[in-house]
Structure formats: structure tokens, C-alpha cells
Amino acid sequence: MLSRVAETVYWLSRYVERAENIARFIDVNYNLTLGETESLSKQWTPLLETTADQDEFVKRYDSPTRENVLQFLSFDEKNGNSMTSCVARARENARTIREVISSVVWEQLNTFHHLVQAAGHSPKTLEQPQAFCEQVRLTSHLLVGAMDATMSHDEAWHFSRLGRMIERGDKTSRLLDVQYYNLLPDGGSVGSSLDVVRWSALLRSASALESYRRLRGKIVPIRVAEFLMLDRKFPRAMHFAAMRARDSMRMISGSELNSYCYHSEQLLGRLCSSLDYAVIDDILQDGLHEYIDQFQRQLNTIGQEIHEDFFSVDRLNAPPQDSVVS
Amino acid sequence: MLLLPYEMDGGFDEMFAPDGRPRASGERFVRRLEALADGNLRERQKSAELNLQNMGITFNVYSHQAGTEKIWPFDLLPRIIDAEEWSMIAKGLEQRIRALNLFVDDVYNDRKIIKDKAVPESLIASSKTLRKQCVGLRPAQRVWCHITGVDLIRDADGQLYVLEDNMRCPSGVSYVLENRELMKRTFAHVFEGMSVEPIEEYPEQLLKTLLDCAPAGVSDPVAVLLTPGVHNSAYFEHSFLAQQMGIELVHGSDLIVKDGFVHMITTRGLQRVDVIYRRIDDDFLDPAHFRADSCLGVKNLMDVYRAGRVSLANAPGTGVADDKAVYAYVPDIIRYYFDQDPILPNVPTFLCDDAKQRQHVLSHLDQLVVKPTNESGGYGILMGPHASANERAECAEAIQKNPRDWIAQPMLNLSTVPTLVGDELKPRHVDLRPFVLCGKDVYVMPGGLTRVALKKGSMIVNSSQGGGSKDTWVLRNGTTANSNSVVTTLESSSC
């Protein structure tokens, strides 16, 4: 398929996933801050850390109040990662490849765009952001469902899933990274006193509460971390996302099992393998933050290499790569 | 429902004769309309509009914020053309397109028509759409213009005229196809049994035309549609046609010239491209040969084209026949190549480059329509009778400064078709753009795009200026089941 089309569909999915995750971040933070008495700034700064957009925020807002942070993450058009920006870019991407996506997907993206635009113009939205966040999540699910149910699961579809899974893995890891230490009272001793309500909120923001309960029952911080990182069956877990990304990558490359044709494929395979054999106790011992940080850096590199391997024009002038290595 | 009184405005109405009775071609349709319950038509019109919105059939308006898409209004009541008249139109179009293809080929090669003084050398030499880069080229089958959308209008006396040939990148065919689809969805029981010529094979015919013009020796050619991108007003059409034909919709940046061929950049490396249905203008095709500031085109594309390793549809250079001063010579061009009279006449045209004709134009500016020779889409036109004294003075000055850039035509009173306004039928002015494909065969799509000026009395049918569109029905001949679409082989009549 055309490189431009592949890149467009890949980013389309990343933007939609990003918008959905921002809605999740806002939701969990809103829940966590309800009834708190701490100073406002302390409560809403973590959200900016989650999305890694603090620098951008500080430039244009004087303080991280609830209103400012919500506005910045939801409807600020100057913030390229706000929900408004993400959905608008996803729709604009779709518009340039309408001959590739199904009309249902196009209509669903249109609806998504209008939903976010309308919400942005209504002052009430940010007073009670939960309803809006819920709508964003649902619309994103509908969109993903429409892609699954109405598009051929061909190369374009796999690029779309590849983008979605990379974005999702990254965002789940950020959510966990920031909230895990905030939720531990002393900021250090993992596994100590536990606030069930707050840990439930974290799980719920990843739609993971029911699945976790079924698997683990009691809420234990270390198990929550394990679930969101290493679970192979829960669709928002980092490990699951990496596995599905690898599956799509293999469908795109046509490589044999446990081999690779592209550099990005090699790196993705390595990342998956390390997650396959990871143990939560080791991770905590070496530092959860360090582990997640490295995970994110690897995903970043994989994203860059995907660009080099499939989208960039420069690769065509380079000598052909070595073929399959087992 | 009650159709009358239907108040005509003195011009020619396509559906009703001056005595208020339906014309023979519209009679069955009018009977069916009369049988509808009151309000039914309006309901169906609403349902059609809803369908348009859901199908996302849109066009872009340049003056609006980037990315603004608008729904192009669709009027449910069709324009109906009878079999006999259509057969004449189709023959006339075929004659015209064949002659124009011979003309373009001649202009860039042997220049016989110029040597024989059938058209003046100065006229061709001064044409701004003549492309020197194309001199000496011989496209496959010697066809330069593969896709044409000819604009036809009917004056008050009932005579049809060719207004423009549109030999470059005519658009609108996607609306023809979508309008028919819409008609079938929302007006099925009226449409049923009306014996209307089908148009649905157009994408198939277009694909065949494109593949047929592939460079010699390519056994399984790859065709693509080259679009300027999502902000172009016809982007919807580009996307639609690519999807219908199952070919890739590419941007200039998707294509690259390497090792003497054009390739598209895919996730698996380069893939060779043999035929490009390009929907960008000559000037933007190749920054190395045309406008250097173009970022829409493909660098060195013209080198590959000149080497015969890629085909372009339409070929670069066809614009010379779109020059409105050259247009005035089309009847002579037809006579020159075929020794036949034109079947479809031109609108009488005054060339301002000619001193005598210029004098006539300048002294009759209040009665004439003055047009620049090298613009399309209705830009730069002076409607003499509606213009202010000031505008006319400015126009006169422009004509005297650059007479070659201007032509003038009488103001025609475009024919009308009943159009739904509220609950009533009102006459609204229309034109007609049939689409003609020319490759190994000539295919004339039965009907074409009927554009309608939705404002009362307005003659401006452009989508950007309050125009809408209608389905166009070509009726089959009542007695025979013969198809009216014209497909003949080129060999049989080329000279």
C-alpha cells in the first residue's frame, strides 16, 4: 500500500487512542481529587506529568488550577495533544484517505469531531467532566469496533492497530507511572497502607476494575501494577498492547515466527520478549519508574523506526537490508 | 399533486411546452408526479437531502476556512432528454472530440491545419495554454484528450449550443453517478419503468480508457489517480473515482521518478506506475519542466512521459483547444479534418483580436457577455446587460489593452427545468455537461451533469455560487431496446 496512506491510518488510530486516554486521565484525576482538601495545584499537576506536556502548559497558563488543566487538556487548540486537536487531526487524516476507510468509520469520526467541538463550546462541560469523558471513551470504542467490523483486516487495518497499540501501551504506562507513586502515602514503601477507593479509581480509569477483581480479588498495589503492566489478556495492559502490536507488525512484514525483516520489527520483538519473561518483584526492586521509563523510550524508538522502515522516502535510496535473520 | 399553474419565464422549458402541456419526453413523468399525494414530493426531497449528508457528498469552497465541506444541493426533479435528441447530441459530441484530438495532435506535430491556413498561425502561437514542452509528442492512439466534459446550453429558441469544451480536467461526473443513486433510493417508484439509459458503467469505461492508453508493451498496467489533495474543490470526486475504479489515489509526494520510470512509494518499496489519471493542471505537473514552485507534481515526470514510459490522461497540452479564441474556430476545425458540418453549433463568438469584431464588441458591451480566453469556472466574466457603466468602461479598457485575451458572446437565455421550491414547481435555468471518454473507443455517457441555478432568474449554475444539480434522464427509444450510449471504434472513422 501507499506509504502515505499507511502513515495516515497509523496516526489516525494513534490520535483517537490519545484522545480516549486523555479522557481517562481526566476522569481518574477528577475522581481522586473529589473530597480532597489539599491545595489545588498539588492535585492537578500530576495530570500534566501524565501527558508530559508541562512545558507547553507553563508557557500559557499561570497556575495549574482545575479549570486551566482541564481546558488545556480538553479543548485548547494550541495544545497539539488536547482532545480537540487529536480528534480534529484524526478526522483530517481520515478525510485524505476516505477511499481506504469504510463509510461507517468516516461517519463515526465525523460524529466524534462534532461531539468534541460542541462540548468545547459549552461552558458546562468542564464543570462536570465525567459525562463528557464517558462519551469520548464510548465514541472511541465505537470507532474501533467499526474498524474491526467493517474494514478488511488488510495491511491498512494492521497499520491502524499497530498505531493504536503503541499509543495505548505508552499511555497506560504513563498513567501507572504517575499515579502509582501519588497513591502510596510516603512515596516510597510499596505495598504499605492502602486506600481502596483511590486504587479502584485508577483501575477504573483503565476500564480494568472488573477484570482485575475477577483475577485477583483484593486490591493490592503491587498486583495492580502487575496487572496493568504484565497481563497478557487485558486489552489495556502494556504487555497485551505490545503483543498485539507485534502481531500486526508480523502481518505487515510477512515474517516467520520469531524472525524479522525490519529494524522496527526486531525492536518490537525484543520489547515483547522482555515483557514475556518479566516478573513484577524484579521490576519493583529495580524501580518501577525506571522500568516504565525504559519501556516508553523503547516504544518511542520503535515509532521512529516504523517511520524509517515503511513511511520515509529516504529508505528507498539506502541499500537493501539484510533479509530474514532467525 | 397539482402541478399547475407552472409559470414559465418566456424561455425554453425542458419539461413543458409554451401552452403549458408537458412535452412528449416528459409526459409520463408528469403523469406520475400528478399521481403523488400532496406534500409527498417535499418529503422525498428532504429524504434525498438527508441521504446526501449521510453519504458525505461534499465539495470544498475555496473562500471558506480550509477544510470546509459543503453539501451540493440536489433537486429531485430530473431533466429529461428523449432518445432522438440524445442520439444527435452523442453524435455531435463524438464528432467534436475526435476533431479536437486530431487538432491537438496536429498542432504539436505536423501543423498541417496551420500550414493550410484553416486556423491562423498567430492565434496558436499566442495561446497561453500552448505547451512548448509537448511539441513532437505522440501519445498512445494519438489521443490527447481522454476525458472531456463539454458544456451545452439551450437558448430560448430551443437550439442547443456548445459553450465550452473543457479539455483539461473537467469535474462533476461523480455527482452524476451519485445523483442517480440518490434518485433510485428516494424516488424509486417514479423512476421505475421509466426506461432511462443506465450510466453506472462509467467507472468501468473510465478504467478501460485509462488502461488502454498505457505505454506500448506493458501487459498488466497499473493506473493511479493523481490529486492535488484534500483542499481541492473536487477532492471528493477524486476519492470517489479512485474507489470506484479500485485504483490508488495518489498525491504528488507519493510518486517518484527513478531509473527512468514513475513509481509510487509503498510500504514495500517502489511500485511502477504506467498510467496517471491526473487531476492537476499542466502547470503543476512537474516542477522541473513547468512551474518550479509547484509542490503538487512529480519532479522529472515529463522526462518519463516524453520517453513514452508513462501515460498521462489527459495529456499535457490539451489546454490549447480550451482557449476561448481557439474555441471560436472549432467549427472550422471539424470541417477541416472531417469535411462535415458540425452537428452541435458553437455559441456565436466575437474575437476581440480582430479589429472589426472588436469594434462591434466595444459598441455593444451592454448586450454581450465578455469572457477572458484563458480562465475557467466563470472567473473574470462581464455580463454586459447587468454590469454598471463603470464595469463596462473597465472591461473596454482591458479589451483594448490585450485584445487577444478577450472574446464576447451574445447573452443567451438558458432553458429551464421545473425545480421544487417549497411545495411548488418553479422554472429554474440549467446547463448540461455530458462526459465523453476517448481511447481506443469513444464512450458518451448518456446524459451528464445538469446544473441548476436555484435562485429565481439566475443563470449562474456554479456550485460555489448557489447552483445545485439534477439527475439527467436519457430515455430509451420506445420501440427498440437499442442502447443509446455510443461506442464505436476509432479505426473506423479516423483519418
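Residues numbered from 1 in each chain as written. Chains lettered and ligands numbered in written order. Predicted model: local features only at pLDDT ≥ 70, side-chain atom pairs only at ≥ 80, totals over all residues. Heavy atoms only, no water.

Glancing now at the overall build of chain B. The helix and strand inventory of chain B stands at 15 helices and 24 strands. On C-alpha atoms alone, chain B measures out to a radius of gyration of 23 Å, which is about the 23 Å that the 2.2 N^0.38 rule sets for 495 residues. Expressed as lengths along the three principal axes of its C-alpha atoms, the size of chain B is roughly 70 × 60 × 50 Å. Expressed as a percentage of its 495 residues, the buried residues of chain B come to 57%. With the model as given, the accessible surface of chain B reaches about 20,300 Å², and the carbon-plus-sulfur share is 48%. Across chain B, the mean location of the 54 positive side-chain charges is 2 Å away from that of the 65 negative side-chain charges. (Helix = DSSP H or I, 4+ residues; strand = E, 2+ residues; numbered from the N terminus. Rg over C-alpha atoms; globule rule 2.2 N^0.38 Å. Buried < 20%, exposed > 50% of the residue type's maximum accessible area, 1.4 Å probe, protein only. Areas by Shrake-Rupley, 256 points an atom, 1.4 Å probe, with all protein chains shown as cover. Lys, Arg positive; Asp, Glu negative; His and termini not counted. Charge placed at Lys NZ, Arg CZ, Asp CG, Glu CD.)

Our next topic: the domain arrangement of chain B. Residues and elements named next belong to chain B. Along its sequence, chain B is carved into domain 1 (24-215 + 310-346 + 412-492), domain 2 (216-309) and domain 3 (350-410). Each of domain 1 and domain 2 was reduced to a C-alpha centroid, and the two centroids are 25 Å apart. Taken together, the contact between domain 1 and domain 2 spans 41 residues of the former and 39 residues of the latter. Summing both partners gives a buried area of about 3,500 Å² for domain 1 against domain 2, and 62% of it is carried by carbon and sulfur. Here domain 1 and domain 2 share 2 salt bridges between them. In this structure, Arg131 and Asp282 form a salt bridge, with 4.0 Å as the shortest nitrogen-oxygen distance. Where domain 1 meets domain 2, there are 18 residue pairs in polar contact (both at pLDDT 80 or more). The set of elements that each furnish at least two residues to the side of domain 1 that touches domain 2 consists of strand E1 (58-60), helix H6 (173-186), helix H8 (202-212) and strand E13 (311-313). Each residue belonging to the side of domain 1 that touches domain 2 can be placed in one class, and the counts come to 28 nonpolar, 11 polar and 2 charged. (Domains from an automatic or database assignment. Contact = heavy atoms within 4.5 Å. Buried area = accessible area lost by both parts, 1.4 Å probe. Salt bridge = Lys/Arg side-chain N within 4 Å of Asp/Glu carboxyl O. Polar contact = N/O pair within 3.5 Å; in protein donor to acceptor, adjacent residues only side chain to side chain. Nonpolar A, V, L, I, M, F, W, Y, C, P; charged D, E, K, R; others polar.)

Residue and element names in this part refer to chain B. Judged by pairing direction, the sheet is antiparallel, and its 4 strands sit side by side in the order E14-E17-E15-E16 without closing on themselves. Bordering the open sheet on either side are strand E14 (350-351) and strand E16 (382-383), each of which pairs with just one other strand. In this sheet, strand E17 (residues 406-410) lies alongside E14 in antiparallel orientation, the contact comprising 2 bridges. Residue pairing for E17: Phe350 is matched across the bridge by Ala408. (Pairing = 2+ DSSP bridges.)

Counting residues in hydrophobic clusters, the biggest one holds 150 residues, and the most contacted among them are Leu162 of chain A together with Phe103 and Ile276 of chain B. For this core, the element with the most residues is helix H1 (residues 3-33) of chain A, which contributes 15 residues. (Core = buried A, V, L, I, M, F, W, Y, C linked by side-chain atoms within 4.5 Å.)

Let's shift gears to the pattern of salt bridges. Any two side chains of opposite charge can pair, so long as their charged atoms come close to each other. Evaluation of the coordinates by the stated rule reveals 56 salt bridges over all chains. The partner of Lys324 of chain B in a salt bridge is Glu164 of chain B, with the nearest N and O atoms 3.6 Å apart. In this pair, Lys324 of chain B is assigned in helix H12 (residues 324-327) and Glu164 of chain B in strand E6 (residues 160-164), connecting sequence segments 160 residues apart. Residue Glu164 of chain B is classed as buried on the basis of its relative accessible area, which comes to 15%. One salt-bridge network, held together by shared partners, links Arg14, Arg18, Glu167, Asp170, Lys171 and Arg174 of chain A.

Strand-to-strand pairing in sheets goes through backbone hydrogen bonds, with the strands running parallel or antiparallel. All names here are of chain B. The sheet built from 3 strands is open, its strands ordered E9-E10-E11 with antiparallel pairing. Both outer strands of the open sheet, strand E9 (255-258) and strand E11 (269-273), are each paired with one neighbouring strand and no more. Strand-to-strand twist across the sheet, computed as the mean angle between neighbouring axes with direction ignored, equals 45 degrees. As judged from the 5 bridges shared by strand E10 (residues 261-266) and E11, these two strands associate in the antiparallel manner. If you follow Met264 over to E11, its bridge partner there is Gln271. (Axes fitted to C-alpha atoms, helices over the stretch in contact; angles between N-to-C directions.)

Turning our attention to a negative patch on the surface. All names here are of chain A. A cluster of like negative charges, contributed by Asp281, Asp282, Asp286 and Glu290, occupies part of the molecular surface. It is helix H14 (residues 280-286) that provides the largest number of residues to the negative patch, a total of 3 residues. On the secondary structure map, Asp281 appears in helix H14. With relative accessibility at 42%, the residue Asp281 sits in the partly exposed group. (Patch = residues over 30% accessible without salt bridge, like charges linked within 9 Å, V, L, I, M, F, W, Y side chains within 5 Å.)

A few words now on the pairing of strand E7 (residues 223-226) of chain B. Residue and element names in this part refer to chain B. Of the two faces of E7, the one carrying Ala223 and Leu225 and the one carrying Val224 and Leu226 are both buried. Inspection of the sheet shows E7 paired to strand E12 (residues 275-278) by 4 bridges, in the parallel sense. Following the sheet pairing, Val224 is matched in E12 by Ile276. Inspection of the sheet shows E7 paired to strand E8 (residues 248-250) by 3 bridges, in the parallel sense. Its bridge partner lying in E8, Leu225 is registered against Leu249. In this region the chain leaves E7, passes through helix H9 (residues 235-245) and returns to the parallel neighbour E8; the handedness of that crossover is right-handed. (Right-handed = clockwise from strand over helix to strand, strands pointing away.)

Bringing helix H12 (residues 238-253) of chain A into the picture now. All names here are of chain A. Between its first and last C-alpha atoms H12 spans 22 Å; for 16 residues at 1.5 Å apiece the expected length is 22 Å, and the two agree. Among the residues of H12, Met238, His239, Phe240, Ala241, Ala242, Met243, Ala245, Ser248, Met249, Ile252 and Ser253 are the ones counted as buried. Gly254 sits one or two positions beyond H12 and adopts a positive phi of about 75 degrees. (Expected span 1.5 Å × (residues − 1).)

This brings us to the packing of aromatic side chains. Going through the model one piece at a time under the given rule, you end up with 20 aromatic pairs over all chains. Judged by centre distance (5.7 Å) and plane angle (80 degrees), the ring pair of Tyr212 of chain A and Phe227 of chain A falls under edge-to-face. Of this pair, Tyr212 of chain A sits in helix H10 (residues 209-216) while Phe227 of chain A sits in helix H11 (residues 221-230), placing them 15 residues apart in sequence. Taking 4.9 Å as the distance between ring centres and 85 degrees as the angle between the ring planes, the aromatic pair formed by Tyr336 of chain B and Tyr337 of chain B counts as edge-to-face. A relative accessible area of 28% places Tyr336 of chain B in the partly exposed class. (Phe/Tyr/Trp six-rings, centres within 6.5 Å; stacked < 30°, edge-to-face > 60°.)

Now for the interface of chain B and chain A. Taken residue by residue, the interface counts 26 residues in chain B and 24 residues in chain A. Summing both sides of the interface, chain B and chain A together bury roughly 2,100 Å²; the carbon and sulfur share of this comes to 46%. Connecting chain B to chain A are 2 salt bridges. Between Asp254 of chain B and Arg4 of chain A there is a salt bridge; the shortest N-O distance is 2.6 Å. If you look at where chain B meets chain A, you find 8 residue pairs in polar contact (both at pLDDT 80 or more). Of all the secondary-structure elements, those providing two or more residues to the side of chain B that touches chain A are helix H2 (40-55), H9, E8, E9, E10 and E11 of chain B. Ranked by residue count, the leading element in the side of chain B that touches chain A is H9 of chain B, at 4 residues.

What follows deals with the side chain of Ser259 of chain A. Residue and element names in this part refer to chain A. Tracing the sequence through the fold places Ser259 in the loop between H12 and helix H13 (263-276). According to the relative accessible area criterion, Ser259 is buried, its value standing at 10%. Polar contacts involving the side chain of Ser259 include one to the main-chain carbonyl oxygen of Glu256, which spans 2.7 Å.

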